[in-house]
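Structure assessment
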Amino acid sequence: LCGAKELAEARKAEKPAAATDITKLEMRTRRWGRGRKDFRPRISVVNKFMDVAPLWFYGLIAAFMQRKGDPKIFAGANGGRLLSSILVTLATFVECAMHRILAKDLMEFAWSFRVTEVAELRGAVLVAMVNGFAALGEESLALIFSGQGPLAALPEFLNDTIQNETDSTCRSLAKVLSQQLLDSADDLPVQRRLQIVRSTRR
């Protein structure tokens, strides 16, 4: 499920994520932009989960907000692992629904937890960013490169993660999202594309 499976397996085995796993993640999350032409006949499928996803998504966030101050639940490393499970679950909702409003709210919600000592939580934040970016498409770029809002600092955050993160899974996820930014820039005007390339390669 778009990074969640790879993240869980890497934690369980306590080994770096395999290169093939990250490649699969990248292929599954690249929803838009340029790619190979597919001449096979397309079959339209109605995504019925999109209609009910907000109930699950915002219900889970509401439950978290009600209990986030309880030290018995969210204190320490166990609290970080629980929160990482919540973020991955929210990211899975977004992936299955491909709901743009949920994707935007997911990215902004997850962004507030990016600074933490729990590697599993840092990885969950990146999974949320990858899924949110895939669902939003070009709207992601507007959020990130508008110069306003918290996500304007995402390129610098990714660069710092790639260069300085001690956890190999987090580094790999950051590289996936950084590459998504570069790939999506192919369809933008030259000046806009240069801005993205500079931000992701500092």
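Only a predicted model underlies this, so the values are computations on that prediction, with no experimental measurement involved.

Regarding the environment of L173
Mapped onto the secondary structure, L173 falls in helix α10 (residues 168-184). On the accessibility criterion, L173 (2% relative accessible area) is buried. Remark: the alpha-carbon pair of L173 and V125, spanning 48 residues in sequence, is separated by 9.8 Å.

Some details on the environment of L87
By the secondary structure assignment, L87 is in helix α5 (residues 76-97). Separated by 27 residues in sequence, L87 and L60 have C-alpha atoms that sit 9.7 Å apart. Excluding its chain neighbours within four sequence positions, the residues that come into contact with L87 are L106, F109, A110, F113, L121, A124 and V125.

Remarks on helix α6 (residues 100-111)
Over its 12 residues, α6 extends 17 Å from the first C-alpha to the last, a length consistent with the 16 Å expected when each residue adds 1.5 Å. Taken as a whole, α6 has its buried residues at L102, A103, L106, M107, F109, A110 and W111. Looking at the buried residues of α6, the elements they touch are α3 (49-67), α5, α7 (119-136) and α9 (154-164).

Concerning the packing of aromatic side chains
Under the defined criterion, the tally for this structure stands at seven aromatic pairs. Ring centres of F49 and F93 lie 6.1 Å apart, and the angle between their planes is 55 degrees; this geometry places the pair in the tilted category. Taken as a pair, F49 in helix α3 and F93 in helix α5 lie far apart in primary sequence, 44 residues in all. The interplanar angle of 75 degrees and the centroid separation of 5.3 Å between the aromatic rings of W111 and F157 together place this pair among those described as edge-to-face. Here F157 lies in helix α9 and W111 lies in helix α6, a separation of 46 residues in the sequence. Note on F157: relative accessible area 17%, which makes it buried.

Details of the nonpolar core
F57, L87, L90 and L158 are the most contacted members of the largest nonpolar core, which totals 44 residues. Contributions of two or more residues to this core are made by α3, α5, α6, α7, α9 and α10. It is α7 that provides the largest number of residues to this core, a total of 11 residues. In this structure, L90 is in contact with F57, L60, I61, L106 and F109, ignoring residues within four places of it in sequence.

Some points on the confidence of the model for the protein
Summing up the model confidence of the protein, the mean pLDDT is 77 and the portion of residues at 70 or higher is 67%. Throughout residues 14-19 the model reports pLDDT below 50, and contacts reaching past four residues in sequence, or to other chains, amount to six contacts.

Rules of the game
- Residues numbered from 1 in each chain as written.
- Predicted model: local features only at pLDDT ≥ 70, side-chain atom pairs only at ≥ 80, totals over all residues.
- Heavy atoms only, no water.
- Helix = DSSP H or I, 4+ residues; strand = E, 2+ residues; numbered from the N terminus.
- Buried < 20%, exposed > 50% of the residue type's maximum accessible area, 1.4 Å probe, protein only.
- Contact = heavy atoms within 4.5 Å.
- Expected span 1.5 Å × (residues − 1).
- Phe/Tyr/Trp six-rings, centres within 6.5 Å; stacked < 30°, edge-to-face > 60°.
- Core = buried A, V, L, I, M, F, W, Y, C linked by side-chain atoms within 4.5 Å.
- pLDDT = per-residue confidence, 0-100.

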